[in-house]
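# Structure at a glance
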Amino acid sequence: MSHKDTIAAIATPPGNGGVGIVRISGGQLESVARGLLGRDLPQPRIAQYSSFIDAHNNTIDTGLALYFPAPHSFTGENILELQAHGGAVILGLLLERALQLGCRQARAGEFSERAFLNGKLDLVQAEAIADLISSSSARGARAAQRSLSGVFSARVNALVAEITSIRVFVEAAIDFPEEEIDFLADSDIQQRLQQVIDDIETLIVEAHQGRLLRDGIELAIVGRPNAGKSSLLNALAGDELAIVTDIPGTTRDVVRQQILIDGLPVFVADTAGLRESEDVIEAEGVRRALQIQEKADLVLLVLDASTETPENLPVIPDPKRTIIVWNKQDLVAGEMPLAITKGLDSVIISIHNTSGLDVLKQKIRQHAGLNEASEGVFSARARHLDALHRSEKLCRHGLAQLQDFSAPELLAEDLRQAQQVLAEITGQFSSDDLLGEIFSSFCIGK
Ligand SMILES: Nc1nc2c(ncn2[C@@H]2O[C@H](COP(=O)(O)OP(=O)(O)OP(=O)(O)O)[C@@H](O)[C@H]2O)c(=O)[nH]1
Ligand SMILES: [Mg+2]
């Protein structure tokens, strides 16, 4: 499979639609055009009304043919796009014809991969296309658009440039000690390195926002039987998903649903009420509930304000990722028993009165780390955050070498690695394995 192959794929989603597109990219478009259109390639970038024909000169469909000569195309190669009617059979026949004419079926993400390899996009931008297509909220789509336009890449490139410039200085000092570039005494280099570390930190905070909008969070609803967990899931989802009854132990299986809270994708899991049970089914439900509580990014511990006492309080999971949800406020005439969970982050709600739910949603967003200000957020992935963290660590380590041990050689090595790690983000430096992993998660025809 070389990049010389001419590749073809259906670029529109399966199903019926007014228009469906087959995209062909590579060097051998002349013969494909003759075989499929019965004529030479159309004028560049001018829509050409055309018949699409099979091997026996029968018309498969009629539509528009568009030719984008290299390098001014998405992939940077010659591209022929056929806009036919959007039916699975028609598009399948067109693709089959292209394959007969010597094209190869494109792998998932191969068009984007070629765009990357031909320098049309960097890796962050290629990933942003996938994120834009699969974004689950308008906010997420705006963030992906910003990454696609190069906002994130520019920030990373600026850091790489600054580290390179510091490296040049440090390596010169190592190579020419007689020149007495006494940069250890010169705090300028330390200041610049500190600034790089600060900038990486800022970028980490922003990239974290972008990752949240893309990946969302896992939210577990846990608590005693009958506390109102399933009612809460239904209220958050705006739908009767889980069975609600006044019988303790109603929920056994984990009920999952993805919802959006102000653009934040939240994967909610409603679980079985926590209690000792002889019933094997319920006991298994409780075991699963505890497992989910363990793994979740955020836990809502639901307490029934009308019955809760300090004695029957369930074990509180890691307080840093737990919100105590005092439910059934409508049943409490006097004061709420808030003292029981003093010092913990809590919110009072009544699902029956639909009160307190907005406050709860806001707390969920805060806990997830999603800021109010969404403008300027760009989409980012776990891979990017990981690289930013690693490069920050290397820069800190380098700075410490300089301050504590006056070891410019070690600093130089740290900087070299930090630069390399950052370059992985945009793909300036990347292994084939990484590329394969990234592009194979794309869909066909992209
Ligand atoms: N008064 C009042 N009742 C509520 C409220 N929320 C839930 N309930 C009732 O509490 C009972 C239990 O609700 P569920 O949502 O099934 O509770 P659960 O925590 O999922 O219970 P299990 O699945 O058995 O663990 C039902 O009768 C609900 O109608 C509330 O805010 N006020
Ligand atoms: Mg339930």
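Predicted, not measured: the structure shown is a model, and the values here were computed from it.

## Notes on the environment of A130
For A130, the location among the structural elements is in helix α4 (residues 123–134). Exposure remark for A130: the relative accessible area of 10% places this residue in the buried category. Between the C-alpha atom of A130 and that of V168, which follows or precedes it by 38 residues, the distance is 37 Å. Setting aside residues up to four positions removed in sequence, A130 forms contacts with R381, F442 and K446.

## What about the domain arrangement of the chain?
In many analyses, interface size is given as the accessible surface area lost on bringing the parts together. What the domain assignment lists for the chain is domain 1 (7–121), domain 2 (130–212 + 381–427) and domain 3 (216–368). Relative placement of domain 2 and domain 3: their C-alpha centres are 41 Å apart. Contacts between the two partners involve six residues from domain 2 and, on the opposite side, ten residues from domain 3. Together domain 2 and domain 3 conceal approximately 550 Å² of surface at their shared face, both sides included; 44% is due to carbon and sulfur atoms. A per-residue breakdown of the area domain 2 buries against domain 3 is headed by S136, R139 and L212, which together make up 79% of the total. Remark: the boundary between domain 2 and domain 3 carries zero salt bridges.

## Observations concerning the pattern of salt bridges
For the structure on display, the rule yields 30 salt bridges. Linking E110 and R114 is a salt bridge whose minimum nitrogen-to-oxygen distance equals 3.8 Å. Within this pair, E110 and its partner R114 are both found in helix α3 (residues 110–117), separated by four residues, close to a single helical turn. R114 matches E110 in its accessibility class, with the two residues each being buried.

## Digging into the pairing of strand β2 (residues 17–25)
Relative to β2, strand β1 (residues 7–10) runs antiparallel, the two sharing four bridges. When the bridges of β2 are listed, I7 appears paired with S25. Judged from the eight bridges that link them, β2 and strand β5 (residues 79–86) form a sheet pairing that is antiparallel. Along β5, the bridge assignment pairs I21 with Q83.

## Some remarks on helix α12 (residues 408–426)
Taking 1.5 Å as the rise per residue, α12 with 19 residues should run 27 Å; its terminal C-alpha atoms sit 28 Å apart, in good agreement. After α12 finishes, the residue G427 shows a positive phi value of roughly 90°.

## Regarding the side chain of Q125
Tracing the backbone through its elements, the reader meets Q125 in helix α4. On the basis of relative accessibility, which here comes to 15%, the residue Q125 falls in the buried class. Other than its neighbours up to four places away in sequence, Q125 contacts S147, L148, S149, G150 and S153.

## Quick look at the pairing of strand β9 (residues 264–270)
With six of seven residues buried, β9 is to be regarded as a mostly interior element. Where strand β7 (residues 217–223) and β9 come together, five bridges link them in parallel fashion. Looking at β9, one finds that E218 is bridged to F267. When strand β8 (residues 255–261) meets β9, the two strands line up antiparallel, connected through seven bridges. Bridge pairing in β9 places I259 opposite V266. Hairpin geometry of β8 and β9 is characterised by an intervening segment of two residues between the two adjacent antiparallel strands and by a positive phi of about 50° at D262.

## Things to note about the site of ligand 1
In the region of ligand 1, 24 residues are neighbours, and K229, S231, G249, T250 and I351 sit closest. Take S230: an N or O atom from its side chain is 2.8 Å from an oxygen atom of ligand 1. When isolated, ligand 1 has an accessible area of 650 Å², and the protein chains bury 91% of it. When residues of the shell around ligand 1 are assigned to their parent elements, the largest contribution, three residues, is made by helix α8 (residues 229–237). Of the residues assigned to the shell around ligand 1, the class counts are seven nonpolar, twelve polar and five charged.

## Section: the coordination of the magnesium ion (ligand 2)
In ideal tetrahedral geometry, four donors around a metal make angles of 109.5 degrees, whereas ideal octahedral geometry with six donors gives angles of 90 or 180 degrees. Coordination of the magnesium ion (ligand 2) by the protein involves S230 (OG) and T251 (OG1), with metal-donor separations of 2.0 to 2.1 Å. Of the two residues, S230 sits in helix α8 while T251 sits in the loop between α8 and β8, which places them 21 residues apart along the sequence. Of the two residues, S230 and T251, neither departs from the other in class, the shared state being buried.

## Concerning the nonpolar core
Ranked by size, the top nonpolar core spans 32 residues in total, and within it F152, L388, C395, L422 and I425 carry the most contacts. Secondary-structure elements contributing two or more residues to this core are α6 (151–175), α7 (187–215), α11 (382–405) and α12. With eight residues, α7 is the single largest residue contributor to this core. Ignoring sequence-local partners within four residues, the contact set of I425 consists of L123, V124, F152, V156, R383, H384, A387 and L388.

## A look at unusual backbone geometry
Look at the link from A70 to P71: it is a cis peptide, with omega at 0°. Structurally, P71 can be placed in the loop between β4 (59–68) and β5. You will see that N226, though not glycine, has its phi angle at about 75°, which is positive. Residue placement: N226 occurs in the loop between β7 and α8. On the accessibility criterion, N226 (27% relative accessible area) is partly exposed.

Criteria and thresholds
- Residues numbered from 1 in each chain as written.
- Chains lettered and ligands numbered in written order.
- Predicted model: local features only at pLDDT ≥ 70, side-chain atom pairs only at ≥ 80, totals over all residues.
- Heavy atoms only, no water.
- Helix = DSSP H or I, 4+ residues; strand = E, 2+ residues; numbered from the N terminus.
- Buried < 20%, exposed > 50% of the residue type's maximum accessible area, 1.4 Å probe, protein only.
- Contact = heavy atoms within 4.5 Å.
- Domains from an automatic or database assignment.
- Buried area = accessible area lost by both parts, 1.4 Å probe.
- Salt bridge = Lys/Arg side-chain N within 4 Å of Asp/Glu carboxyl O.
- Pairing = 2+ DSSP bridges.
- Expected span 1.5 Å × (residues − 1).
- Near = heavy atom within 4 Å.
- Polar contact = N/O pair within 3.5 Å; in protein donor to acceptor, adjacent residues only side chain to side chain.
- Areas by Shrake-Rupley, 256 points an atom, 1.4 Å probe, with all protein chains shown as cover.
- Nonpolar A, V, L, I, M, F, W, Y, C, P; charged D, E, K, R; others polar.
- Donors = N, O, S within 2.8 Å, 3.2 Å for Na, K, Ca; no water.
- Core = buried A, V, L, I, M, F, W, Y, C linked by side-chain atoms within 4.5 Å.

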